[in-house]
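Commentary on secondary and tertiary structure
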Amino acid sequence: MQITSHDMDVTLHTLYLIGIIAEGMTGAIAAGRKKMDLFGVVTIALITALGGGTIRNILLNVYPLTWVETPIYIVVVTVAALLALPLVNVVIKLRRLFLILDALGLITFAYLGAVIGYSVTHSIIIATIMAIVTGVSGGVIRDILCNDIPLVFRSELYAIVAFLIGLFQAALMEYWHNTVYATIFILCFGFALRLFALNKKINLPLIDYKHKDFD
Amino acid sequence: MQITSHDMDVTLHTLYLIGIIAEGMTGAIAAGRKKMDLFGVVTIALITALGGGTIRNILLNVYPLTWVETPIYIVVVTVAALLALPLVNVVIKLRRLFLILDALGLITFAYLGAVIGYSVTHSIIIATIMAIVTGVSGGVIRDILCNDIPLVFRSELYAIVAFLIGLFQAALMEYWHNTVYATIFILCFGFALRLFALNKKINLPLIDYKHKDFD
Amino acid sequence: MQITSHDMDVTLHTLYLIGIIAEGMTGAIAAGRKKMDLFGVVTIALITALGGGTIRNILLNVYPLTWVETPIYIVVVTVAALLALPLVNVVIKLRRLFLILDALGLITFAYLGAVIGYSVTHSIIIATIMAIVTGVSGGVIRDILCNDIPLVFRSELYAIVAFLIGLFQAALMEYWHNTVYATIFILCFGFALRLFALNKKINLPLIDYKHKDFD
């Protein structure tokens, strides 16, 4: 059996949809915990799901933005957010499934960020940055809007997974022919690393200077 | 008597000026309540008044930005912010007048967002999103900079008014000839709905999952 | 001895490097005080150092962004942030030196903002705004991400220095031939003003409406 570039596109598009749905649901639940109204819940879901790609494209001057070109993504995330509300108990009970879907979204977002970043700039550094931006900045804005310190800055290797996928994928595009199999390997590696970190509760060590200040 | 397109332009421009002045004053007062200095007060006034249109234009890639093309708007908002400070007691006593001016700003911003969004993308969904972005995001950034959970996410139909104006105006542009009279009707409807919600303290129901978490 | 335009370019580039290094270190230390992991520390360092110029260029539609065109700046700031961590005690003991480097960065950022703003728009108002945006917005985002009210809104003339450099430099470009010596004078003036304000703990008066509200 051979995996064609078309199979890959279909798979990635499916993963992208899973990713924005999962991210939209995390956004809706985070907003619901802060006593926002329905409008706030949907807004934060949309920003969580689509914000990373939006910031990436603004930084790279790639227009039109994904959701401006394909507004149906807005409808998909809105529906996911509205479904998350009555189903919140189910979503929380299925926490494990949910984190798996979220991890699928993370690796897809990071991969897409690396590919777009590298295509525009041909720089491994920028491609890696764009993998991180696409993968994590939606969640960062979600946490700012909910008035929390962004969770992603101290959460189980979340950003590191985006970083590694970005770096490997960009190196692949720079030094080898970009092949479907190598990309699949990178995505599986990132997915496994994220699930492993979640299971073992592995974090980067926290830095703590609480009592150190310039004052 | 006939209302011409020119009358409409003059009216809208007047409403826009009222809107940025009212928004600038709310920004200045919000900043003053957080012990900022004069510079902080003016900055937050400018962001509150001009931030929504700025974000809309960046998302749509419409340049130059309004205030970059017409820097006098910066002077107008700065003066409004500086006037709000000595007049704060007056402004607060005239709370009702002030909320009416703010509502005029809201409907104007939402209308302009819908028109620009539809002109660029010919999508009703995007035009509606841009009405909301233009109408409310200045206030959202104001609240983030003042370290509050954005008020607009739980405030009397504020965002819903922007949503409805955006949706109706975009539908008007898609399905009918865009006529002055229909637009006036939409604006009056939005204005009345906002005032009604303020008077009756009508809110969307708040979602509250405080005790529900993934942890 | 004559100061050539080339000398000036080399000096400014050196000052720019000093600025992003100093800003990156303040970002790293601020993040470290909030119990973030290594990734969070580096991210906040990058945003503090490069965020101001990024926002300026997005507002003016000037692409590619500085660090997208010259990714080595990302490496420089990352290394500075990582060095700030083990050296935190040294950095804090050398507080005075550090604030001087930070002041050098401030005047350089403000100057570059004014020059780029004026070149693109030929408006003194916009050039002044861009001096402020470039000089202070990195620090503002740093404080938002660390969930603080932005310090710059109540800190010793920080923003005022950026404002004055922007205004004078833009006026210079509008009304006289832009000469090297006048620019040097403006930069020295801004530097001296900032150090004077730091030494004497001079602040703009704080506005405080804590007990005044619309409600």
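Note that the structure is a prediction, hence the values are computed from the model and not measured. Per chain, residue numbering runs from 1 following the sequence as it is written. Starting at A for chains and at 1 for ligands, labels are handed out in the order in which the entities are written. Side-chain atom pairs in this predicted model are given and counted only at pLDDT of 80 or more, local residue features only at pLDDT of at least 70, and totals for whole chains, interfaces and linings cover all residues. Neither water nor hydrogens contribute to the side-chain values; these are computed over all heavy atoms in the structure.

1. Remarks on the overall build of chain A
- We count a stretch as a helix when DSSP gives it H or I for four or more residues in a row; a strand needs E for two or more, and each element gets its number in order from the N terminus. Helix and strand counts for chain A stand at nine helices and zero strands.
- Shown N-terminal to C-terminal, the secondary structure of chain A runs as helices and strands in the order α-α-α-α-α-α-α-α-α.
- Relative accessibility thresholds used throughout: buried, under 20% of the residue-type maximum; exposed, over 50%; partly exposed, between the two (1.4 Å probe, protein chains only). In chain A, which comprises 215 residues, the share counted as buried stands at 56%.
- Note on contacts: a residue pair is in contact if any heavy atoms of the two residues lie within 4.5 Å. Considering only contacts within chain A whose residues lie at least 6 apart along the sequence, 76% involve residues at least 24 apart.
- Approximately 9,300 Å² of chain A is accessible, and the part contributed by carbon and sulfur atoms is 68%. For the accessible areas, the method is Shrake-Rupley and the probe is 1.4 Å, while residue cover comes only from the protein chains on display.

2. Quick word on the side chain of Asp143 of chain C
- As for its placement among the helices and strands, Asp143 of chain C is situated in helix α7 (residues 124-145).
- Polar contact criterion, stated in full: a pair of N or O atoms within 3.5 Å, where within protein one must be able to donate a hydrogen and the other to accept it, and residues adjacent in sequence count only if both atoms are side-chain atoms. Side-chain polar atoms of Asp143 of chain C contact the side chain of Arg142 of chain C, separated by 3.1 Å.

3. Quick word on the environment of Gly32 of chain A
- The residue Gly32 of chain A is located in helix α1 (residues 5-32) in this model.
- We classify Gly32 of chain A as buried; its relative accessible area is 0%.

4. A few points about the confidence of the model for chain A
All names here are of chain A.
- The score called pLDDT rates the predictor's confidence residue by residue, from a low of 0 to a high of 100. The predicted model of chain A has a mean per-residue pLDDT of 85, with 87% of residues at 70 or higher.
- Across chain A, the secondary-structure element scoring lowest on mean pLDDT is helix α5 (residues 88-93), at 71, and the one scoring highest is helix α3 (residues 66-69), at 95.
- Complex prediction metrics read pTM 0.89 and ipTM 0.86.

5. So, unusual backbone geometry
- In this model, Tyr63 of chain A is joined to Pro64 of chain A through a cis peptide bond whose omega is -5°.
- Within the secondary structure, Pro64 of chain A is located in the loop between α2 (38-60) and α3.
- Here Asn61 of chain C, not a glycine, exhibits a phi torsion of approximately 60°, which is positive.
- Take Asn61 of chain C: it is sitting in the loop between α2 (38-60) and α3 (66-69).

6. Considering the environment of Leu112 of chain B
Residues and elements named next belong to chain B.
- Relative to the helices and strands, Leu112 resides in helix α6 (residues 95-121).
- On the basis of relative accessible area, Leu112 is assigned to the partly exposed category, the value being 24%.
- Taking C-alpha positions, Leu112 is 9.0 Å from Gly135, a pair spaced 23 residues apart along the chain.

7. Here we look at the packing of aromatic side chains
- Centres within 6.5 Å make a pair out of two Phe, Tyr or Trp rings, where for Trp the six-membered ring is used; the pair is then stacked when the planes are under 30 degrees apart, edge-to-face when over 60, and tilted otherwise. Per the stated rule, a full pass over the model turns up 12 aromatic pairs over all chains.
- Between Tyr16 of chain B and Phe109 of chain B, the ring centres sit 5.8 Å apart and the planes meet at 55°, which makes this aromatic pair tilted. Here the residue Tyr16 of chain B occupies a position in helix α1 (residues 5-32), and Phe109 of chain B occupies one in helix α6, the gap between them amounting to 93 residues. By the burial criterion, Tyr16 of chain B is buried, and Phe109 of chain B matches it.
- Ring centres of Phe168 of chain C and Phe189 of chain C lie 5.8 Å apart, and the angle between their planes is 50°; on these two criteria the pair is classed as tilted. Highlighted residues: Phe168 of chain C in helix α8 (residues 158-175) and Phe189 of chain C in helix α9 (residues 180-200), separated in sequence by 21 residues.

8. Quick look at the packing of helix α6 (residues 95-121) of chain C against α9 of chain C
All names here are of chain C.
- The geometry of α6 relative to α9 is characterised by a closest axis approach of 10 Å and an angle of 140° between their N-to-C directions. Relative to α9, the element α6 is oriented oblique. In this structure, the crossing between α6 and α9 has a hand that is right-handed. Residues Arg96, Leu99, Ile100, Asp102, Ala103, Leu104, Leu106, Ile107 and Tyr111 of α6 form the contact with α9, whose own contacting residues are Thr183, Leu187, Gly190, Phe191, Arg194, Leu195, Leu198 and Asn199.
- In this classification, Asp, Glu, Lys and Arg are treated as charged, Ala, Val, Leu, Ile, Met, Phe, Trp, Tyr, Cys and Pro as nonpolar, and every other residue, Gly included, as polar. Looking at the contact of α6 with α9 residue by residue, the classes come out as 11 nonpolar, three polar and three charged. Fitted lines through C-alpha atoms give the axes, limited to the stretch in contact for helices. The angle between two N-to-C directions lies from 0 to 180 degrees. Angle categories are assigned with fixed cut-offs, so that under 35 degrees is roughly parallel, over 145 is roughly antiparallel, 65 to 115 is roughly perpendicular, and the rest are oblique. Handedness of a crossing follows from how the near helix is turned relative to the far one, being left-handed for an anticlockwise turn of less than a right angle and right-handed for a clockwise one.

9. Comments concerning the nonpolar core
- We define a nonpolar core as any set of buried Ala, Val, Leu, Ile, Met, Phe, Trp, Tyr and Cys residues linked to one another through side-chain atoms lying within 4.5 Å. Counting residues in hydrophobic clusters, the biggest one holds 195 residues, and the most contacted among them are Leu50 and Trp67 of chain A, Leu50 and Trp67 of chain B together with Leu50 and Trp67 of chain C.
- At 12 residues, the largest contribution of residues to this core is made by α7 of chain C.
- Setting aside anything within four residues of it in sequence, one finds Leu50 of chain C in contact with Tyr16, Ile20, Trp67, Tyr73, Ile74 and Val77 of chain C.

10. Some words on helix α6 (residues 95-121) of chain A
- Given a rise of 1.5 Å per residue, 27 residues ought to cover 39 Å, and the 38 Å separating the end C-alpha atoms of α6 of chain A matches this to within 8%.
- Phi turns positive, to about 55°, at His122 of chain A, one or two residues after α6 of chain A. Given a helix with a known number of residues, its expected span is that number minus one, times 1.5 Å.

11. Remarks on the side chain of Thr48 of chain B
Residue and element names in this part refer to chain B.
- Structurally, the position occupied by Thr48 is in helix α2 (residues 38-60).
- Accessibility expressed as a relative area gives 1% for Thr48, which makes it buried.
- Excluding its chain neighbours within four sequence positions, the residues that come into contact with Thr48 are Glu23, Thr26, Gly27, Gly138, Gly139 and Arg142.

12. Quick word on the environment of Thr108 of chain C
Residues and elements named next belong to chain C.
- Tracing the backbone shows Thr108 in helix α6.
- Residue classification places Thr108 among the buried residues on the basis of a relative accessible area of 1%.
- Along the sequence, Thr108 and Ile44 sit 64 residues apart, while their C-alpha atoms lie 20 Å from each other.
- In this structure, Thr108 is in contact with Leu12, Leu15 and Tyr16, ignoring residues within four places of it in sequence.
- A distance of 2.6 Å separates the side chain of Thr108 from the backbone oxygen of Leu104, its partner in a polar contact.

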